[in-house]
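Residue-level structure breakdown
The primary structure of each chain is shown beneath.
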Amino acid sequence: MLSAARGLAAATATRRSFLSATGAAAALALTGTLPGLVPTGIRTPTNRPLFTLGVASGDPLPDAVVIWTRLAPGPLEPFGGLDDRPIDVDWEVAEDEAFRRVVRRGKATARPEYAHSVHVDVRGLRSWRHYFYRFRAHGQISPTGRTRTAPAPHDLPAMTLAVASCQAFYDGFYTAYQDVASRDHDVVLFLGDYIYEVGVGPTAGIRNQPVPVDFAGEVFTLDEYRARYALHKTDPDLQAAHAASAWVVTLDDHEVEGNWSGDISEDGLPEPEFLVRRANGFRAYWEHMPLRLDQSASGPSIRLHRHLRFGRTADLSVLDTRQFRDDQPGDGGWLPPDQVSQDPARTITGADQERWLLDALRRSPSRWNVVAQQVAMAQLDRRTGPDLELPMDTWNGYAASRERVLTGIRDRGVDNFVVLTGDLHRSVAADLKLDFSDPTAPVVGSEFVTTSISSGKDGVDVDATGRALLAENPHVKYQNVQRGYLSCRLDADRWTSEFRVVDKVTTRGGAPSTHATLVVENGRPGIHQV
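Right, let's walk through the structure included here. (Residues numbered from 1 in each chain as written. Predicted model: local features only at pLDDT ≥ 70, side-chain atom pairs only at ≥ 80, totals over all residues. Heavy atoms only, no water.)

With respect to the overall build of the chain
- For the chain, the count of helices and strands is nine helices and 24 strands.
- At 22 Å, the chain has a C-alpha radius of gyration in line with the 24 Å of a compact globule built from 530 residues.
- By principal-axis analysis of the C-alpha atoms, the chain measures approximately 70 × 55 × 45 Å.
- When burial is assessed residue by residue, the chain has 60% of its 530 residues classed as buried.
- Within the chain, counting contacts between residues at least 6 apart in sequence, those at least 24 apart form 69% of the total.
- Taken as a whole, the chain presents about 19000 Å² of accessible surface, with 50% of it coming from carbon and sulfur.
- With 58 positive and 68 negative side-chain charges, the chain shows a separation of 6 Å between the mean positions of the two kinds. (Helix = DSSP H or I, 4+ residues; strand = E, 2+ residues; numbered from the N terminus. Rg over C-alpha atoms; globule rule 2.2 N^0.38 Å. Buried < 20%, exposed > 50% of the residue type's maximum accessible area, 1.4 Å probe, protein only. Contact = heavy atoms within 4.5 Å. Areas by Shrake-Rupley, 256 points an atom, 1.4 Å probe, with all protein chains shown as cover. Lys, Arg positive; Asp, Glu negative; His and termini not counted. Charge placed at Lys NZ, Arg CZ, Asp CG, Glu CD.)

Focus: the layout of surface pockets
- What the second largest pocket holds in volume is close to 320 Å³.
- For the second largest pocket, the lining is made up of 17 residues, of which Gly332, Trp334, Asp393, Asp423 and Leu424 are closest to its centre.
- Residue classes in the lining of the second largest pocket are distributed as four nonpolar, seven polar and six charged. (1 Å grid on protein atoms, 1.4 Å probe; cavity = no way out; pocket = protein on both sides within 12 Å on 5 of 7 lines; lining within 4 Å. Points joined across faces, edges and corners; volume = space filled by probe spheres on them. Nonpolar A, V, L, I, M, F, W, Y, C, P; charged D, E, K, R; others polar.)

Topic: the sheet that holds strand E13 (residues 314-318)
- Pairing is mixed in the open sheet, where seven strands are placed in the order E12-E13-E15-E17-E19-E18-E20. The open sheet has two edge strands, strand E12 (306-310) and strand E20 (476-480), and neither has a second partner. Averaged over neighbouring strand pairs, the angle between their axes works out to 20 degrees when direction is ignored.
- Across four bridges, the pairing between strand E18 (residues 427-433) and E20 is antiparallel. Paired with valine 428 across the two strands is glutamine 479, which belongs to E20.
- Strand contacts of helix H8 (residues 399-411): strand E17 (417-421), E18 and strand E19 (443-449), with the helix running at about 130 degrees to E19, the strand carrying the most contacts. (Pairing = 2+ DSSP bridges. Axes fitted to C-alpha atoms, helices over the stretch in contact; angles between N-to-C directions.)

Considering the pattern of salt bridges
- Counted according to the given criterion, the structure contains 38 salt bridges.
- The salt bridge involving arginine 85 is made with aspartate 83; its shortest N-O contact spans 2.4 Å.
- Looking at arginine 85, the relative accessible area reads 35%, which means it is partly exposed.
- Judged by relative accessible area, which is 4%, aspartate 83 ranks as buried.
- With a closest N to O distance of 2.8 Å, arginine 500 and aspartate 179 form a salt bridge. With arginine 500 in strand E22 (residues 494-502) and aspartate 179 in helix H3 (residues 175-182), the pair connects residues that are 321 residues apart, well separated along the chain. The pair formed by arginine 500 and aspartate 179 is uniform in burial state, with each residue classed as buried.
- One salt-bridge network, in which partners are shared between bridges, spans Asp252, Asp253, Arg322, Arg325 and Asp393. (Salt bridge = Lys/Arg side-chain N within 4 Å of Asp/Glu carboxyl O.)

Concerning H3
- Of all the residues in H3, the buried ones are Thr175, Ala176, Tyr177, Asp179 and Val180.
- Aspartate 184 sits one or two positions beyond H3 and adopts a positive phi of about 60 degrees.

Observations regarding helix H4 (residues 222-233)
- For H4, with 12 residues, the first-to-last C-alpha span of 17 Å sits near the 16 Å given by 1.5 Å per residue.
- The buried fraction of H4 is high, at 11 of 12 residues.
- Those residues of H4 that fall on the buried side of the exposure criterion are Leu222, Asp223, Tyr225, Arg226, Ala227, Arg228, Tyr229, Ala230, Leu231, His232 and Lys233. (Expected span 1.5 Å × (residues − 1).)

Considerations on the sheet that holds E22
- The strand order across the open sheet built from 10 strands is E5-E2-E1-E11-E10-E9-E21-E22-E23-E24, with neighbouring strands paired in mixed fashion. Strands at the two margins of the open sheet, each flanked by one partner only, are strand E5 (117-122) and strand E24 (524-529). Pairwise comparison of adjacent strand axes, ignoring direction, gives a mean angle of 25 degrees for this sheet.
- The sheet contact formed by strand E9 (residues 159-164) and strand E21 (residues 483-490) spans five bridges and is antiparallel. Within E21, the residue paired with threonine 160 across the bridge is arginine 489.
- Contacts between H3 and the sheet are confined to E9, strand E10 (187-190), strand E11 (246-249), E21, E22 and strand E23 (512-521), with E21 contributing the most and set at about 20 degrees to the helix.

Digging into the packing of aromatic side chains
- Under the defined criterion, the tally for this structure stands at 16 aromatic pairs.
- With a centroid separation of 6.4 Å and 0 degrees between ring planes, the pair formed by phenylalanine 448 and tryptophan 495 is classed as stacked. Of the two residues, phenylalanine 448 sits in strand E19 while tryptophan 495 sits in strand E22, which places them 47 residues apart along the sequence. Side by side, phenylalanine 448 and tryptophan 495 carry an identical accessibility label, which is buried.
- Three or more aromatic residues link up through ring pairs in this structure, and these residues are Phe169, Tyr174, Tyr177, Phe190, Tyr194, Tyr229, Trp247 and Tyr285.
- For the cation-ring pair, arginine 207 lies above tyrosine 174, with the distance from its terminal atom to the ring centre recorded as 4.7 Å.
- Looking at lysine 233, its charged tip hangs above the ring of tryptophan 68, at a distance of 4.4 Å from the centre. (Phe/Tyr/Trp six-rings, centres within 6.5 Å; stacked < 30°, edge-to-face > 60°. Lys NZ or Arg CZ within 6 Å of the ring centre and 35° of its normal.)

A look at the nonpolar core
- Formed by 46 residues in total, the largest nonpolar core has its most connected members in Tyr177, Tyr194, Trp247 and Tyr285.
- Every element with two or more residues in this core is listed here: E9, H3, E10, H4, helix H5 (236-244), E11 and helix H6 (271-288).
- Those residues in contact with tyrosine 194, other than ones at most four positions away along the chain, are Gln167, Tyr229, His232, Lys233, Leu238, His242, Trp247, Glu255 and Met289.
- One finds Met159, Val187, Trp368 and Val370 within the second-largest nonpolar core, a separate group that totals 31 residues. (Core = buried A, V, L, I, M, F, W, Y, C linked by side-chain atoms within 4.5 Å.)

Section: the pairing of strand E15 (residues 368-372)
- Within E15, five of the five residues are buried, which leaves it mostly tucked inside the rest of the structure.
- Burial along E15 is two-sided: Trp368, Val370 and Ala372 and Asn369 and Val371, pointing in opposite directions, are all buried.
- The pairing of E13 with E15 spans five bridges and is classified as parallel. Residue leucine 316 lies in a different strand from E15, and its bridge partner there is valine 370.
- In this sheet, E17 lies alongside E15 in parallel orientation, the contact comprising four bridges.

Listed below in structure tokens is the structure:
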């Protein structure tokens, strides 16, 4: 693989093949500076709504939270329908929805080099408080968002989390987000595949809505990635969920390219060209997420692994299992374990992130030690009989990496270890063990895998893979293949996970319900069904 410096130099040298019609913006993904946009002749409009993509907040601290919006009067048009001029945006944060008790206000600049997005790191707030926020530009006022700061370091309040992933726009409506918004979650964790890089078709799949012809193909350029985020963010249910709670996000593969690994393209792009594509994907990702400035993309690199503490209730470690991984065996399909997947030198996190994770867990003073990440950690065998068939795109393709992390947790005496995962398009609950082949081996943690919001269309209660997972893996306690999300409640005594499902996403009006409720008791490793 190329070093970071050589990779960026090579990517820059081949960038011309990936520049878009508004090519200076794509070059920005490589250089991090604006080389000068060509004026479009479009005047900044005041007669079209500016806040078409809603508002969002994220990464709460005891005294701070990030608030976000993007100005886009023509969200599916180049540059969101704006020209190359910066726009002043006023923002304010209040203790009440009527904004009679404003506690912070200021002015930000929506710059064209960041797609006229705004990221404000609001400081000086009180811990574990709800706040309301909004933006104003050109006489227009944004929708109001609600957020919540994290608890004070020594507090141990009960808290609620929603966990979501995988929202293919063309596969279904985001019905589950109506439920997310209505259930008053303190934080929403999104674990990857916010967009899909493939074409959405002329009518956006089952949604049967016209989209510009440019959306029919796969995305490569910065402008194309930006437009794909804008398309997803026009969904009203997604906007409502963003406006209702603070989000903590990380990406998986489809924010760039399906099944990419480190510097390796699964579509067969030469490495320099893939790094250009990765830079474009990372840049557009940061522009559209409520992330701080220190998480912004630098060429084909972005730092997304980070640590958030919610008082003494939960320590949350957010992982990046894409950017630093070795290539997955067999293109990531279901395969028997072999010398590659068992290679002790292989890693899914990279050595630095692995050390960072174990150090953070060792220092944690919190009741629940939580890892939010992308792909399944538990062993998932779907072959009947003694032989194994495992999904190699997950930690199952990196057995030594998983063993080092789980052994490190045991050796450091980490209690109440919970992993939250996406990716599979199915719900799974499983105990985590050092030896999955031994039913009597001690449990060191629990994993809850959330299903997809829409990817995979309606789904079913159980399929052949689900039946095999339950039959062949004694540590797997639950599975379901419908669409939905995971709703969790944490307190001093127990962790409760509700698997919320909707009966349909291919048409509007799906009904949400709780399909199963599972708990982990404080100090008692292992999942139990209520």
